[in-house]
Amino acid sequence: MISGLLLSITAPAQQTEVNTLTKYTQNQGLSSYNIREIIQDKFGYIWIATQDGLNRFDGQSFICYNKNLTSKRRLTGTDIRKLAEDRSRNFIWVLTDQGIDRINTITSNVEPEFSSRNPINEEWNVTTAALGNELWIGTFTGLRVYNTETRKSIVIPNRAGKNISCEIRTIFADAANNVWVCVTGLGIKIFDGKSKKLIKLIPNSILATKKKDSDIIYWNAIALKKHSYLLATNAGLRVLSYDQNYNISINNAPAKTLSLLNTENVQYVSKNEKGQVYVASHTGLYRFDNTFSSFTKLEDQAGAEKSEWLDAVFCSFSDQQNNLWLGCQDGLAFINRNATPFRSFYNDEVSGLKLEHVLSLSSPGKGTVFAGLRNGFVQVQTASGRFSLISKNQSFQHNYTDPFGLLQSSYPGGTAVFLKKKWSPIADVYPEFKAFSNYAINSHLCVGDSLNIMGTENDKGVLIWNYKKQTVKVIDQISRPALAANIVNTVYRDKMKNIWVLSDKKITILDSSLSRSKILSFYDSQNKQAYNIYFDMCEAGNNYWVAAYGTGIIQLGTDYKIRNIYTTKNGLSNAGIYKIFNVGDSSLVITSNNGISILNLNTRKFKNYYQQDGLHSNSFEEACGFMKDGIIYAGGVKGFTIIDPSKFRINTIAPRVYINRISMETGRRSFDTSSIRIKRLIVPNDVIQTSLYFSGINYSSPNHTTFAYRIDKQSENWINIGNRNFINLIGIPPGKYLIQLKAANEDNYWSIPTEISLIFLPKWYQTWWFKALIGFTIACLGYLFYRLRLRQILKEHSIRAGIAGDLHDDIGSSLNTIKVFTNLAIIKPEKVEYLDNINANLEAAIIGLRDLIWVLDDKKDTLEDLVNRLRESMQPVANAINIVLEIVVDESCVGLILQKTEKRYLYLIAKEAVNNSIKYAECTRINIKFKIRQKRLLVQITDNGNGFDPSGTNMGYGLKNMRTRCVHINYQFFIHSSSTGTQITLEKNSPVFSKRK
C-alpha cells in the first residue's frame, strides 16, 4: 500500500545542494545590501565593497569606510566600485565612483596622502585592474591609467568612433602583463601593458548569439586556466582562449549541461581553490567542475522562512579556507566549506502546504517521510521538497509502518490504519484490537518476528501485539509483571533485549521474556525530590543515557546507578530535552525546545546548533524523532529536520588573533592606535583606562569564538572572557607588562598566543626621583627630629644640672649651715641664737624645696602659675613691713606657657629684685607688670625707693645673676634707677606663640 502511495507522487529530482546561509544585513552593521565586490586580504579580513561604503569584517563586527567619516575612514566617494590588494606592500587600492584611495591593511586606516579625485567631476569610475605601479581604470566614458607613484593619470584615447560606446565594466591583466579591456557595445580591447598600445580588438559580433552587438555587457571575467578566460555577460557565458600571438578562439556555449546559461544573463563568475566555478544568474547559483561537464545548483535552507537570496547573486568570492561569500540582493551571505548536516522542511511553494507543527515522523524508505501534524498528515518527498496532503483537520501523534507494511497513526481517539487511501480504525483491519480501539500510541518496538510492543499515550500502560497469533495483551500497574506506572512516555529495547518503559517519575525494566520487571527511580539529593519526566534513552559506551525533561541527561552504569548528570551548566543547550540518539558510540544527539546538542563522549563536551545553523526551528516535539540507517529525523514547530551525523565536522583550524586597536582614556580626552603588528606600546602616565580590542578570525562559527588572556606580572593562569573581544585595564601599577591573547574556535582549538608589551609610565608621584626625594625628606626629618630630641635632652640635662646646682648651692648650703649650728648648739647649749639660726636655715631650705617642686610641676607652666607663686612667696614679706606689692598681668598674657628654665629664672629674677627693693631701697611700693609688646613678653619690676647707681663698679652679685639668667633664657636685661626709684625690665628676644587652650 505504501509503495503505491510513494509512486503516485514521485517527481523527477534536480541535482541540488542545500546549504545553510549565514546572512548579514544592515541590521548586523553592513553599510549597504547592494554589494559590488568581496575580497580577503592577506591577514584574513573580508572586505566588502558596497554602493554605500566599504566594510571590513572579522566575523563579528563591521568597520565602515565612507565619504563622510573621519579621516581614518574617509574615502573620496560613497559608491565603492572595485578593490585591488597589493599584498607585498600591505595595502588595498579602493576605486570609488569619484576617485582612488589607499588603505593600509596593517593599521586599517585610509592614507589620505594617496587619495586622488577624478580629474573630471562628471567622470564616474566603474572598474579597475592593478598592473605593477599602475591602475587601469574603466569609466562610463573611457579608459585611463593612473600611476600610483607619480599620482598622475593618462587617458587612453578611444579610436572606435564618436558614436561607439566607451563604457567599460571589466578590466583584467593576463600572464604576459597585457591588459584586456571589455567595452560595452564594442568588444574586447587588448593593450600592451607597457606601451599602452592596442594589440587586438575582439568585436562583439563574434561573441553575440541572440543579442545585438551593441547590447553585450561584460560583467566580469576569471581565468579558467592558462591562456583561457571565462566571461560573464548579459548574453551568457563566454570562454576566450588565446595563444602567445593572441590568436583568439571563442566558445559561445561553454555550459554544456545547462544551456540556458549560454544565452541568458549571467551576473557573475568566480572560482575556488579546487578549480570549481560558481556562476550566478537570475535562475540561481550554480557550481560547475573545471571542465563544465557537470553542475550542482545551490539552494538556501531557510527553515521556516522563504528565501530568495540565491536567486539574486551579484558577486561571489571563495576565501582562503574555501568558504563561499556572496553579495546578494538582500545582503552578504556566507556558506561554509563543509556540507551542512541539516536539511530542513517547512513549506512547499508548489502545493502551498506548510508543516506548522509536526508531532510525529516516519520513513518507509529513502526519500519519503510521513509527517503527522497537529492538523493533518503530509507525505514529503525529500529529494524534490514536494509535499502531498493525505489527511487534514486531525491531530496525528505517532505514525509508523507496521509489520504488514501498512501505515499506522494515532490520534486522540485511538489508532488508525491507512488502507485503500483512507484511514480506518485499527480494529477494522486487525480485529484483535477490538478491545483497544480507543488506545492512542506514542511509541513502538518491533521485537523478533512476531511481537510489536506499543506504548500508550492515554495512560493505559503497554500493549503487547503478537501479530502472528493475532493477540493483544496489556502490561500495566496491576498486571503480572507490573509497571511502575501506567503513564508511558516511550519504550526502548537495550542490547540485553530488556524492554525499558519510561514514565514520568519511574522506569520499569521488563526482561526479554516479559515475565519479570524491575523498577528504577532516581532521587535528587540536592533538591530533595525525585527526577522525573523521562522522555527517551539510548545506550552508548556501556552506559545508559536517559533524557530527563527539566534536568538534563542522566548517565547510568550497567548497575543502574547514576554516574553523572549533564545539565546546562555543562553546556547543554536547554534542560527541556526530548529525544536522544547514539551516533557510533562516539557522540549523542539530543533534541530540545532550544535547538540540538551534540555530546562528544570522548571529551564530554557539548556543541549546540540552532535555527541559524540550518534547523527548521529551535523547537522540537517530545515524541517526534527517530533514527534510521544512521540518519536522524526530528521535528517540531515549523517543520522537521533530517540530520546526517556523518557530516558533522570538527574544525581543527584555530582562529587568527590580531589586536586591532588600543584605546587610551585620560578623563579629558581619548586617543587610540591601530596596528595589527604592534608589539610594544608606551602608555602615558595620565591614562586612566587602557582598552585592547582584538579579532579572532573564524568565519565558520564566529559566535562561538572564545577569547582568553593573561598578564605576566599578575597571573600565570589564562582568564577566559567568552566571546567578548576586548579587555579594559584600569589601575595597573607602573612597569612593563607582557599581555598574551589567544582564541578558540567552536571545537575548542586554541590559537598560538599573540603578545604585546605595554609600558605604563609612572605618575609624577610614582617616579624614582620622587621616591628618592621622599626618602631624602624622611631622612632629613628623621635627622632633624634627632637633633631636636638631642637638643631637648641637652636642655633637660642643663635644667637638671641647674636644679642640681641650686640644690647644692641653696639647700646644700642651708643644710651645711644647720649642721654647723647644730654642732655649736650641742657644744654650747646656752647659746640660744644657734637655735634661731638653725630654724631660719630650715625655713630657707623648705622654701627652696617648694620652689624646686613648683618648677618641676608640668601642670604649672603658665604665666598665671608664675604670678601666683610670686604672690605666695613675696606678699607675706611685703605685708609684714608695710610695703604694697602689686602684680599686674595684661590680658594678652593670659594662658601664656613658659618653659621650665624660663619659668624658674623669671621667678628667681623677680624674687631677687623684690628682695633687693625691700632690703636696700627703703621703698613703700613695688609693682610687677607682665605684658606683650610686639609679640614679645615684657616684665617690668618697679619700686619707689631711693635708687642707686647701676653703672657703679661695685655692682652686686645679685644684678650679675639677673643678667646671666636673662641670657640663659634669651631675654634682654635693662635697669634704670634714680632718686625716685628703680625699674628693671626683662624683654624676651623671640615672639611668643604658645598658649594653653
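Residues numbered from 1 in each chain as written. Predicted model: local features only at pLDDT ≥ 70, side-chain atom pairs only at ≥ 80, totals over all residues. Heavy atoms only, no water.

By the naming in an unreviewed UniProt entry, the protein goes by histidine kinase and is assigned to Mucilaginibacter oryzae. Turning to the protein, the UniProt record has this under Catalytic activity (unreviewed entry): "ATP + protein L-histidine = ADP + protein N-phospho-L-histidine." (UniProt positions renumbered as here; feature names shortened; annotations may be inferred.)

Participant: Quick question: what am I supposed to make of the environment of Gln379 here?
Facilitator: With respect to the helices, strands and loops of the structure, Gln379 is situated in strand 33 (residues 376–381). Linking Gln379 and Leu389, residues ten residues apart in sequence, is a C-alpha distance of 6.4 Å. (Helix = DSSP H or I, 4+ residues; strand = E, 2+ residues; numbered from the N terminus.)

Participant: Is there a simple way to think about the environment of Thr78 in this case?
Facilitator: The residue Thr78 is located in the loop between strand 6 (62–65) and strand 7 (80–86) in this model. Residue class for Thr78 comes out partly exposed when judged on its relative accessible area of 23%. A C-alpha to C-alpha distance of 9.9 Å links Thr78 and Gly99, two positions 21 residues apart in sequence. What Thr78 contacts, discounting residues up to four positions off in sequence, is Thr50, Gln51, Asp52, Gly53, Asn66, Lys67 and Asp97. (Buried < 20%, exposed > 50% of the residue type's maximum accessible area, 1.4 Å probe, protein only. Contact = heavy atoms within 4.5 Å.)

Participant: I'm lost on the nonpolar core in this one. Help?
Facilitator: Core analysis: the largest hydrophobic core is formed by 46 residues, its most contacted members being Leu54 and Trp325. Of all hydrophobic cores here, the second largest spans 40 residues; its members include Leu898, Ala910, Phe930 and Ile984. (Core = buried A, V, L, I, M, F, W, Y, C linked by side-chain atoms within 4.5 Å.)

Participant: How should the state of the cysteines be read in this particular structure?
Facilitator: In protein structure, a disulfide is the covalent linkage between the sulfur atoms of two cysteines. Taken as a whole and assessed by the stated rule, the structure comprises zero disulfides. Summary of cysteine pairing: Cys315 is not part of a disulfide, and the nearest cysteine sulfur, belonging to Cys328, is at 8.1 Å. (Disulfide = S-S within 2.5 Å.)

Participant: Honestly, helix 5 (residues 863–880) in this entry has me stumped. Any pointers?
Facilitator: Since the α-helix packs 3.6 residues into each turn, any two residues three or four apart lie on the same face. Its 18 residues place the ends of helix 5 26 Å apart at the C-alpha level, agreeing with the 26 Å of an ideal helix rising 1.5 Å per residue. Among the residues of helix 5, those classed as buried are Leu863, Asp865, Leu866, Val867, Arg869, Leu870, Met874 and Ala878. Looking one or two residues past helix 5, Asn882 carries a phi angle of roughly 60°, positive in sign. (Expected span 1.5 Å × (residues − 1).)

Participant: What exactly am I supposed to notice about the packing of helix 6 (residues 900–921) against helix 7 (residues 957–968) here?
Facilitator: Running from amino to carboxyl end, helix 6 crosses helix 7 at an angle of 160°, the nearest separation of the two axes being 10 Å. As judged from the angle between their axes, helix 6 and helix 7 are roughly antiparallel. The chirality of how helix 6 crosses helix 7 is left-handed. Across the interface between the two elements, Tyr905, Leu908, Ile909, Glu912, Ala913 and Asn916 of helix 6 pack against Gly958, Met962, Arg965, Cys966 and His968 of helix 7. Per-class residue counts for the contact of helix 6 with helix 7 are six nonpolar, three polar and two charged. (Axes fitted to C-alpha atoms, helices over the stretch in contact; angles between N-to-C directions. Parallel < 35°, antiparallel > 145°, perpendicular 65-115°, else oblique. Left-handed = near helix turned anticlockwise from the far one by under 90°. Nonpolar A, V, L, I, M, F, W, Y, C, P; charged D, E, K, R; others polar.)

Participant: Sorry, what's going on with the packing of helix 5 against helix 6 here?
Facilitator: Contact geometry of helix 5 with helix 6 gives a least axis separation of 11 Å together with a crossing angle of 25°. For the element pair helix 5 / helix 6, the angle class is roughly parallel. Once helix 5 is placed against helix 6, the crossing between them reads as right-handed. Contacts from Leu866, Arg869, Leu870, Ser873, Met874 and Val877 in helix 5 reach Lys903, Leu906, Tyr907, Ala910, Lys911, Val914 and Ile918 in helix 6. Residue classes in the contact of helix 5 with helix 6 are distributed as nine nonpolar, one polar and three charged.

Participant: Where do I start with the side chain of Thr76 in this structure?
Facilitator: Looking at the secondary structure, you find Thr76 in the loop between strand 6 and strand 7. Relative accessible area serves as the criterion here: at 5%, Thr76 is assigned to the buried category. For Thr76, the side chain forms a polar contact with the side chain of Thr96, separated by 2.9 Å. What Thr76 contacts, discounting residues up to four positions off in sequence, is Lys67, Thr96, Gln98, Gly99, Ile100, Asp101, Ser115, Ser116 and Arg117. (Polar contact = N/O pair within 3.5 Å; in protein donor to acceptor, adjacent residues only side chain to side chain.)

Participant: I would appreciate a short explanation of the sheet that holds strand 36 (residues 407–411) in the present structure.
Facilitator: Within a sheet, neighbouring strands are paired by backbone hydrogen bonds and run either parallel or antiparallel to one another. Pairing is antiparallel in the open sheet, where four strands are placed in the order 35-36-37-38. Each edge of the sheet is formed by a strand with only one pairing partner; in this case those strands are strand 35 (398–401) and strand 38 (422–425). Across the sheet, the mean angle separating the axes of adjacent strands is 30° when strand polarity is ignored. Where strand 35 lies against strand 36, four bridges are found, and the strand directions are antiparallel. (Pairing = 2+ DSSP bridges.)

Participant: Before we go on, may I ask you to explain the sheet that holds strand 28 (residues 324–328) in this structure?
Facilitator: Here we have four strands laid out as an open sheet, ordered 2-29-28-27, and antiparallel in their pairing. Two strands lie at the open edges of the sheet, namely strand 2 (21–24) and strand 27 (313–318), each paired on one side alone. Recorded for the sheet is a direction-independent mean angle of 20° between the axes of neighbouring strands. Of the pairings in the sheet, the one linking strand 27 to strand 28 comprises five bridges and is antiparallel in character.

Participant: I'm lost on unusual backbone geometry in this one. Help?
Facilitator: A negative phi holds for most residues other than glycine; trans holds for most peptide bonds. Pro481 follows Arg480 through a cis peptide bond whose omega is 0°. Although it is not a glycine, Asn542 adopts a positive phi angle of roughly 60°. One non-glycine residue, Asp629, lies in the positive phi region at around 55°. Position of Asp629 relative to the elements: it lies in the loop between strand 57 (620–628) and strand 58 (631–636).

Participant: Even after reading the chapter, I still don't get the packing of aromatic side chains, so can you show me in this structure?
Facilitator: Here a ring pair, both rings aromatic, is described through the centre-centre distance and the interplanar angle of the planes. Within the structure shown, the criterion is met by 55 aromatic pairs. Relative to Trp93, the ring of Phe91 has its centre 5.5 Å away and its plane inclined at 80°; by these criteria the two rings are edge-to-face. Each of the two residues, Phe91 as well as Trp93, counts as buried. Between Trp500 and Tyr560, the ring centres sit 5.7 Å apart and the planes meet at 75°, which makes this aromatic pair edge-to-face. Within this pair, whereas Trp500 is found in strand 44 (residues 499–502), its partner Tyr560 is found in the loop between strand 51 (552–556) and strand 52 (562–566), the two being separated by 60 residues in sequence. In this structure, Trp500 and Tyr560 share a single accessibility class: buried. Here a set of aromatic residues connected by ring pairs shows up, and it is made of Tyr24, Phe57, Phe62, Trp325, Phe334 and Tyr699. One Lys or Arg, Arg724, reaches over the ring of Phe726 and ends 5.1 Å from the middle of that ring. (Phe/Tyr/Trp six-rings, centres within 6.5 Å; stacked < 30°, edge-to-face > 60°. Lys NZ or Arg CZ within 6 Å of the ring centre and 35° of its normal.)

Participant: What is the right way to read the pattern of salt bridges from this model?
Facilitator: Pairing is possible between side chains of opposite charge, provided their charged atoms come close. Counted under the stated rule, the structure contains 22 salt bridges. Arg102 is the partner of Glu111 in a salt bridge, and the nearest nitrogen-oxygen pair spans 2.6 Å. Exposure remark for Arg102: the relative accessible area of 13% places this residue in the buried category. With its nearest N and O atoms 3.2 Å apart, the salt bridge here joins Lys196 to Glu134. Within this pair, whereas Lys196 is found in the loop between strand 17 (187–191) and strand 18 (198–203), its partner Glu134 is found in strand 12 (residues 134–139), the two being separated by 62 residues in sequence. One salt-bridge network, in which partners are shared between bridges, spans Arg36, Asp79 and Arg81. (Salt bridge = Lys/Arg side-chain N within 4 Å of Asp/Glu carboxyl O.)

Participant: Just checking my understanding: could you explain a nonpolar patch on the surface for this structure?
Facilitator: A contiguous nonpolar surface patch, about 800 Å² in accessible area, is contributed by Trp764, Tyr765, Trp768, Trp769, Leu773 and Phe776. Of note, Tyr765 is situated in the loop between strand 68 (754–760) and helix 3 (768–827). (Patch = residues over 30% accessible without salt bridge, like charges linked within 9 Å, V, L, I, M, F, W, Y side chains within 5 Å. Areas by Shrake-Rupley, 256 points an atom, 1.4 Å probe, with all protein chains shown as cover.)

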